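This is what each chain is made of:
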Amino acid sequence: MTLASLTAKVTRRGGVGRWWANPASRAFLALVLVLVLGCVFHAEGAFFKAGTHRDALRQASVFGILACGMTLVIISGGIDLAVGSVLALVAVSFSLLSIHQGWTPALAVPVCLALGALCGGVAGGLTAGFRLQPFIATLAMMVFARGLAKTLSGGMKVSTAVRNPDGSYGYVPVPGVFRFIDSRILGDNLSVVTVIFVACALLTWLLLARHRWGRELYAIGGNEEAARLSGVPVVRTKVLAYAASGLLAAVAGICQAAQEQQGDPEAGAGYELTAIAIVVIGGTPLTGGRGGIGLTLLGTLTIGYLEKILSINAVPEASRLMLTGVIIVAAVLTQRRRRS
Amino acid sequence: MAALPAAAAPPAATPLVRLRGIGKRFGPVTVLRGVDLDLFAGEVLVLAGENGAGKSTLIKILGGVHTDFEGTIEIAGRPVRPRSPLEAAALGVAIIFQELSLVPTLSVADNIFLGRPRTRYGFVDGTAQREAARRLLEQLGLDLDVVRRVKDLPLAQQQLTEIAKALARDARVIVMDEPTSALNAPEVEKLFRLIADLKARGRAVVYITHKMEEIGRIADRLCVLRDGEHVGTAPAAELPPARLLNWMVGREVEEQFPRHAAQPGPERLLVEEFSVWRGGRAVVREVSLQAHAGEILGVAGLQGSGASDLFAGLFGAGHGAVSGRVWLDGRPLDLAGPRRAIDQGLAWLTNDRKTTGLVLPLSIIANTTLADLPHLAPGGWRQPTRERAVTRELGARLALRAASLDLEVEALSGGNQQKVVLMKWLQTRPRVLLLDEPTRGIDVGAKREIYQLLHDLTARGLAILLISSELPELLALSDRIVVLHRGRLTAHFNRAEATPERVLAAAMGGT
């Protein structure tokens, strides 16, 4: 009996088969495997220190926030390539407003979030209203937002170095909101960005699992025509998904600016691909109509911990990239739905 | 080939194609059983039968599309078993399908030589190809620009390209599946001259049509299929229309679904001079009808009659313009779109549950509640307990069989899937139900349950408009029947007048 036929047999019957057929359990297993890997290659005990886990979560948080928005768009059957550029645009804008214009966060944060939502909404309008392919519409927004970020910043990093009237440079203090977002709570054991990530995940989960809009998003991704004929407002629902993705990219951009204490117009390049990889490794298929935030959470942890384990073991970046490629393929292969 | 007579008006003694005992099953459903058929060089054989009689399946077996079938095929005395359309083509069988098999973005010439291009040094020789295509079209008397892309051509010319492509292979057997559905009168004449020419050159032509007039004009012999079985084959002269219809309808319409005489209530739906356009063509033309509460109005029509387009138009879901006046319970119906239609009390069960009815990856509950979310989720937040309760209640009413209501509908059988679609529409509490093939592809048991449901619904005062390509079903369920032919309402029967022969004759454009 071959392994394949054995697996098939188990899949049809028994509890193990049913457990394995559930994408959440497979994503969970992948995470466990990565954690076991960490226990084996613990880099002289580094893996068992609380700080390592705190940092792994902190480093994964920005990607996780992007992946939450990406999950919404992918469930609707689309893709959002613009999130990395929107992150940079918002990082630049937030730094300009907070550091150079001296805006209070109560004003700067909502304005920046609205800017991100607007970028996403425009891309969504192009794909849902004008029927451009999501790939094309968000690719255009990706290029445009990057250009806008460079225009606003003059191509320079927007930092606390401010040019004085006489041409010399001086440094202004880092705004309090930057320091707060980059701080840790609970006796130094939890980063604020991680809390922000968890809040974003909770909110998107609530919308997807409990709100009419989330259900209609699944329906559109699963069968757009059937959804339309069932009275689902297809255009509005889709535009909101892209706007939400843009908004979450803005949240990530604010976090990024705070962590770097500057707005880098080159920030976030390629982040959209990491976000897509996280969603896919979690088990949300690119075909739409399936998946969820829980899976994306598992995907974020898997990728985040993998990165951390590789870095504490001082694996060079070149090898890390190759390994990530292999892992994406392996994850998608195990998550391919089996035909009965 | 060489042995064939040049102009074989009377069929040659040995058949060119001999089919014996052809049978085909799709899962548990048998669609063809023991069909024998001979095909002679130099004749036109018309394959007749109702929708779903097995005509298309039979020619797909001959054309190498379906490869797992029972029985044997002989071509020119040699047993063959085509395993792909390409193999069938190599054996000299060319099939012109209803759904065109052209590549829209390629030119006419490229399409004609698709799969076996004229090459030079391994590269496609465009000049030679265009020249050959031009010569071929000239021979066929077709006036087509060979360099134009197929997608830029009107549908009729696409159809002619498809025919030219089949003939370019110099096939011995040419099968045409309703080739005239998109052609206008002069083009039909051209096609018929082409067929006469093919006959004269000793080719065998199989022609599928629903149009009485065409049968009368070109058939040498007629072969009738019914419910997947071969009823008989006879020279056209021996099979006048009345007898042909009798062969096609055949079976006694048993009272297997007794319908209680309806007590028609007040007028629910009134449609006046309603027209629907699709792709720039009027597919429903000035149709007027009315349906009363508690009544099932059957809408009969063969493929291309426009019956489904009528439903799409009433539901505000078509992709083209509509005109005319519609009232629901005395109020003008707003045709702005599906949401408006649902809110006004209309429900439309489409004829293809997988592509337009269900969201396959979602659960039974999600599908059942999808069209009614504005009511089930007031303020936007869904109420899972309430959704489960309404789904359980509807499931019990329709005898839905599923291990769990959280199951993806993809995993359900056809009958249970159809019940989920019905549950979705009943959840919207409709006053008028548009049903397009509600029993397509489901087993007998589920059919009976759906029939029972329709009776219960009409007893509660719903008006139902019903399309069914199964004539016995349509006749047994409907209180009245209107017939559409090429988009026009051509006949109206009450229950007593509606015999299978009369309805079918009207649907085929006869009188």
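Calculation criteria
- Residues numbered from 1 in each chain as written.
- Chains lettered and ligands numbered in written order.
- Predicted model: local features only at pLDDT ≥ 70, side-chain atom pairs only at ≥ 80, totals over all residues.
- Helix = DSSP H or I, 4+ residues; strand = E, 2+ residues; numbered from the N terminus.
- Rg over C-alpha atoms; globule rule 2.2 N^0.38 Å.
- Buried ≥ 20, exposed ≤ 12 C-beta atoms within 10 Å, placed from the backbone.
- Contact = placed C-beta atoms within 7 Å.
- Core = buried A, V, L, I, M, F, W, Y, C linked by C-beta atoms within 7 Å.
- Axes fitted to C-alpha atoms, helices over the stretch in contact; angles between N-to-C directions.
- Parallel < 35°, antiparallel > 145°, perpendicular 65-115°, else oblique.
- Nonpolar A, V, L, I, M, F, W, Y, C, P; charged D, E, K, R; others polar.
- Pairing = 2+ DSSP bridges.
- Expected span 1.5 Å × (residues − 1).
- pLDDT = per-residue confidence, 0-100.

(A) How the structure looks around the overall build of chain A. Counting secondary structure elements, chain A contains 15 helices and 4 strands. In summary, chain A has a C-alpha radius of gyration of 21 Å against a globular reference of 20 Å for 340 residues, a match within 12%. Structurally, chain A occupies a C-alpha span of about 80 × 60 × 35 Å along its principal axes. A burial count over chain A gives 49% of its 340 residues as buried.

(B) A look at the overall build of chain B. Of regular secondary structure, chain B possesses 18 helices and 22 strands. Relative to a compact globule of 511 residues, whose C-alpha radius of gyration would be 24 Å, chain B shows 25 Å and is just as compact. Its C-alpha atoms give chain B principal-axis dimensions of about 75 × 50 × 45 Å. Scored against the burial criterion, the 511 residues of chain B give a buried share of 46%. The long-range fraction of contacts in chain B, counting pairs at least 24 apart against all pairs at least 6 apart in sequence, stands at 69%.

(C) Summary view of the nonpolar core. By size, the foremost hydrophobic cluster in this structure holds 248 residues, and its most contacted members are A:I65, A:L66, A:V90, A:A250, A:V251 and B:L434. Considering each element in turn, this core owes the most residues, 16 residues, to helix α12 (residues 234–260) of chain A. The residues contacting A:V251, other than those within four sequence positions of it, are A:I65, A:L113, A:I196 and A:C200.

(D) Expanded view of the packing of helix α4 (residues 50–75) of chain A against α12(A). Residues and elements named next belong to chain A. As a packed pair, α4 and α12 sit with axes 8 Å apart at the nearest point and diverge in direction by 175°. Comparing the axis directions of α4 and α12 gives the class roughly antiparallel. Residues S61, V62, I65, L66, C68, G69, M70, L72 and V73 of α4 pack against A241, Y242, A244, S245, L248, A249, V251, A252, C255 and Q256 of α12. A breakdown of the residues in the contact of α4 with α12 according to their chemical character gives 15 nonpolar, 4 polar and no charged.

(E) A look at the sheet that holds strand β20 (residues 463–467) of chain B. Residue and element names in this part refer to chain B. If you walk across this open sheet you meet the 6 strands as β18-β19-β20-β15-β21-β22, and the pairing is mixed. Whereas interior strands pair on both sides, the edge strands pair on one side only; in this sheet they are β18 (346–349) and β22 (488–494). Strand-to-strand twist across the sheet, computed as the mean angle between neighbouring axes with direction ignored, equals 20°. Along the sheet, helix α18 (residues 500–507) contacts β15 (296–300), β21 (480–485) and β22; its crossing angle with β21, the most-contacted strand, is approximately 30°.

(F) Representation of the interface of chain B and chain A. Across the boundary between the two partners, chain B contributes 23 residues, which contact 20 residues of chain A. Those elements that place two or more of their residues in the side of chain B that touches chain A are α10 (338–343) and α11 (353–357) of chain B. Class assignment of the residues belonging to the side of chain B that touches chain A gives a composition of 15 nonpolar, 5 polar and 3 charged.

(G) Seen up close, the sheet that holds strand β14 (residues 281–292) of chain B. All names here are of chain B. In spatial order, the strands read β14-β13-β16-β17; together these 4 strands make up an open sheet with antiparallel pairing. Taken across any chain shown, the strands that pair with only one partner, and hence form the sheet edges, are β14 and β17 (331–332). Packed onto the sheet, helix α9 (residues 307–314) meets β13 (267–278), β14 and β16 (322–328) and runs at close to 110° relative to β13.

(H) Focus on the environment of A:A227. Along the chain, A:A227 falls in helix α11 (residues 224–229). Setting aside residues up to four positions removed in sequence, A:A227 forms contacts with A:E216, A:A219, A:I220, A:V232, A:V234 and B:V359.

(I) Expanded view of the pairing of strand β1 (residues 17–26) of chain B. Residue and element names in this part refer to chain B. Two elements, β1 and strand β2 (residues 29–39), share 7 bridges in a ladder whose sense is antiparallel. Bridge pairing in β2 links I22 to V35. The sheet contact formed by β1 and strand β4 (residues 70–75) spans 5 bridges and is antiparallel. Its bridge partner being in β4, R18 is matched across the sheet by E74.

(J) Structural context of helix α15 (residues 414–427) of chain B. Residues and elements named next belong to chain B. Look at α15: 20 Å from first C-alpha to last across 14 residues, which is about the 20 Å you get at 1.5 Å a residue. Most of α15 is tucked away, with 13 of its 14 residues classed as buried. Directly after α15, the chain includes R429, whose backbone phi takes a positive value near 50°.

(K) Region of the structure containing helix α9 (residues 192–210) of chain A. For α9(A), with 19 residues, the first-to-last C-alpha span of 26 Å sits near the 27 Å given by 1.5 Å per residue. Buried residues belonging to α9(A) abut α4, α8 (176–181), β4 (190–191), α10 (212–222), α12 and α14 (293–312) of chain A.

(L) Focus on unusual backbone geometry. Residues and elements named next belong to chain B. Even without being glycine, D227 reaches a positive phi, approximately 50°. When you line up the elements, D227 lands in the loop between β11 (221–226) and β12 (229–235). Accessibility expressed as a C-beta count within 10 Å gives 17 for D227, which makes it partly exposed. Non-glycine residue E286 carries a positive phi angle of around 45°. Among the secondary structure elements, E286 is positioned in strand β14.

(M) View of the confidence of the model for chain B. Residue and element names in this part refer to chain B. Counting all residues, the mean pLDDT for chain B is 85, and 93% of those residues have values of 70 or more. Confidence drops under pLDDT 50 across residues 1–11; counting only partners more than four residues distant or on other chains, this segment forms 16 contacts. For this predicted complex, the interface score ipTM comes out at 0.84, while the overall pTM is 0.78.

(N) Geometry of the environment of B:E497. Residues and elements named next belong to chain B. Take E497: it is sitting in the loop between β22 and α18. Exposure remark for E497: the 12 C-beta atoms within 10 Å place this residue in the exposed category. Considered as a pair, E497 and G54 are 443 residues apart in the sequence and their alpha carbons are 28 Å apart.

(O) Fine view of the pairing of β15(B). Residue and element names in this part refer to chain B. The buried fraction of β15 amounts to 5 of the 5 residues, a majority that puts the element mostly inside the structure. Here β15 shows a buried face lined by I296, G298 and A300 and a second buried face lined by L297 and V299. Of the pairings in the sheet, the one linking β15 to β20 comprises 4 bridges and is parallel in character. Counted as the bridge partner of G298 is L466 from β20. Judged from the 4 bridges that link them, β15 and β21 form a sheet pairing that is parallel. Residue pairing in the sheet places G298 in a bridge with I481 of β21.

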